[in-house]
Amino acid sequence: MKKVRASIAAAVALAAVFQTGYLQAQVPSYENLYDPFQVRNLNFEMDPGDWSAVRNDAAYELVKPAYFWADDENKIVVSIKRKPNAAIGDKVALKIDINEYFDNLRWHGVKKLSLENGYDADAVTEGLAWFLHRQAAGAGATGYKPPLASWVNVTVNGQLLGMYANVEQVDKTFLRNRDQWVSGETWLYKQGEVGPSELKSGAGDSPIIQTLNYSPFISGGDAPPADYINQMDSLIDMEQMLTIGAIEAFIGNYDGLLTKGKNFFFTDYAPGAGPEPGKRLYVPWDLDAVLGGSGTTSIYDSKGRKFDAYRQYITDVPYYRDQYNQILLDLLNGSMSVQAYSDFLDQLEPVLRNSIMADTDGKIGTTPQGVASHFDSLLQWYSNRHANVLQQVMDDITAAAPVPSPNPVPEPSTMAIFTAAMLAVLRRRRKSTTA
């Protein structure tokens, strides 16, 4: 509709004249944007021809203007484009650029929105994967600050597309909202596919990327030097890296950091700069094909061992394997317990129920019974996976424990085996640390 396009163009021109006042009127709170127990209704109004072009854009390159607002808020002008995910009917994944036309424009403290349609699993499941990362951050052991996520209903030109997972975009604003951006001393990279990483913010190559110029950090690169473990410990927050790997292994994400070397961001810092001075921080991305299958996949193997550099040089190394196992045990017995997950689902189901039922392309169902069945299956999968992963860790720890004395002794209880194995892990960690 020409009137809509002309109206948006006029709004862009008017806002350019009164930019400062316009921006100040659009700064609500960042803290509530990713509240998982609040479903926001996001509305877009744009030329129907533009929307049709975006929805059918197989190259994922078209950028079109639109009015955007949440219920009970004023309209602002943003750009909208399709993300490179498969469509579910008319429900396409969307990237919203709040500051496409005005550099300093923010909405609820962010400049970008990444709206995931749940094409591989469903929007509920994708959001739950992000919840588990948030749970790890809430444990407080690592200082880990992953992207946040919530759920939203999306309407374009009066048509409800359905419920989406609203995942926090990783960019300079993301880092600033976490006090992780140091001007002139920070580099943000994206690792989308296997291969060279893409510099998103910063100038030139970081000192860290220049030093870690070997496998697994370079796909198909040379073997690391003899002292690479000391290098990694000094240049990477390995606890956070292993935490991300542990969660991704649990949720069955075999397109991630330690399983395939893809779908993540990382932030490098100049020596002495950053929240962990001079150390790289990793951030996961693209959690779509997760929480599925039989729940019995290995937490130690990469995808069929085809992409095995991270496994070979990190999780198969006893020093890091011990840390990895300990992180998993802490998570499984704490913030990622079955009880914690069950409690979250109990709170979440009534919040999302109406939005799920209104989403004809949601792949879950449009009846209360269908929604309840889906949540039941999510809890059942999680319970089975929790038990399976815990057993994998116990078996791995036991296999690495010292060989028992050949003298005949009464068979110990399971708890005694567990305690002995844990003590062995702690002893090896202390030796590795002091070596």
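Read on for a plain summary of the structure.

The rules behind each value
Residues numbered from 1 in each chain as written. Predicted model: local features only at pLDDT ≥ 70, side-chain atom pairs only at ≥ 80, totals over all residues. Heavy atoms only, no water. Pairing = 2+ DSSP bridges. Helix = DSSP H or I, 4+ residues; strand = E, 2+ residues; numbered from the N terminus. Axes fitted to C-alpha atoms, helices over the stretch in contact; angles between N-to-C directions. Buried < 20%, exposed > 50% of the residue type's maximum accessible area, 1.4 Å probe, protein only. Polar contact = N/O pair within 3.5 Å; in protein donor to acceptor, adjacent residues only side chain to side chain. 1 Å grid on protein atoms, 1.4 Å probe; cavity = no way out; pocket = protein on both sides within 12 Å on 5 of 7 lines; lining within 4 Å. Points joined across faces, edges and corners; volume = space filled by probe spheres on them. Nonpolar A, V, L, I, M, F, W, Y, C, P; charged D, E, K, R; others polar. Contact = heavy atoms within 4.5 Å. Core = buried A, V, L, I, M, F, W, Y, C linked by side-chain atoms within 4.5 Å.

## Let's talk about the sheet that holds strand β11 (residues 281-284)
Here comes step 1: Pairing in this open sheet of four strands is antiparallel, and the strands run β9-β8-β10-β11 from one edge to the other. This sheet does not close on itself; its edge strands, each paired only once, are β9 (198-201) and β11. On average, adjacent strands in this sheet sit at an angle of 30° to one another, irrespective of strand direction.
Here comes step 2: Sheet topology places strand β10 (residues 264-269) next to β11; four bridges connect them, and they run antiparallel. Paired with Phe265 across the strands is Val283, a residue of β11.

## Topic: the environment of Ser114
Here comes step 1: By the secondary structure assignment, Ser114 is in strand β5 (residues 112-116).
Here comes step 2: Looking at Ser114, the relative accessible area reads 0%, which means it is buried.
Here comes step 3: Taking the C-alpha atoms as reference points, Ser114 and Val167, 53 residues apart in sequence, are found 5.5 Å from one another.
Here comes step 4: Looking at Ser114, its side chain comes within polar contact range of the side chain of Glu116, at 2.5 Å.

## A look at empty space enclosed by the protein
Here comes step 1: Inspection of every chain in the model, using the stated rule, returns four cavities of 30 Å³ or more.
Here comes step 2: Lining the largest cavity are 13 residues; nearest its centre among them are Leu258, Thr259, Ile299, Asp301 and Tyr324.
Here comes step 3: For the lining of the largest cavity, the elements supplying multiple residues, two or more each, are α8 (238-251), α9 (257-260) and α10 (309-315).
Here comes step 4: Residues of the lining of the largest cavity, tallied by class, amount to six nonpolar, five polar and two charged.

## Some thoughts on the sheet that holds strand β4 (residues 94-97)
Here comes step 1: If you trace the seven strands once around the closed barrel, you get β1-β2-β3-β4-β5-β7-β6, paired in mixed fashion. Across the sheet, the mean angle separating the axes of adjacent strands is 40° when strand polarity is ignored.
Here comes step 2: Alignment of strand β1 (residues 40-45) against strand β6 (residues 149-156), held across five bridges, turns out to be parallel. In the sheet register, Asn43 faces β6, and the bridge partner there is Thr155.
Here comes step 3: Here helix α3 (residues 48-55) sits on the sheet in contact with β2 (64-70), β3 (76-82), β4, β6 and β7 (159-167), set at roughly 35° to β3.
Here comes step 4: Along the sheet face, helix α12 (residues 338-358) touches β6 and β7 and points at about 140° away from the line of β7.

## Some remarks on the nonpolar core
Here comes step 1: Counting 84 residues, the largest nonpolar core has Leu132 and Met241 as its most contacted members.
Here comes step 2: In terms of residues, this core owes the most to one element, α8, which gives nine residues.
Here comes step 3: Here Leu132 is in contact with Ile247, Phe250, Ile251, Leu291, Met336, Tyr341 and Tyr382, once residues within four sequence places are set aside.
Here comes step 4: Tyr34, Val92, Val152 and Val154 belong to the second-largest nonpolar core, a separate cluster that totals 29 residues.

## Remarks on the pairing of β7
Here comes step 1: Burial within β7 is extensive, with seven of its nine residues counted as buried.
Here comes step 2: Note: β5 against β7, three bridges, orientation antiparallel. Among the inter-strand pairings, Ser114 is bridged to a residue of β7, identified as Val167.
Here comes step 3: From the end of β6 to the start of β7, which pair antiparallel, there are two residues, and Asn157 there has a positive phi angle of about 50°.

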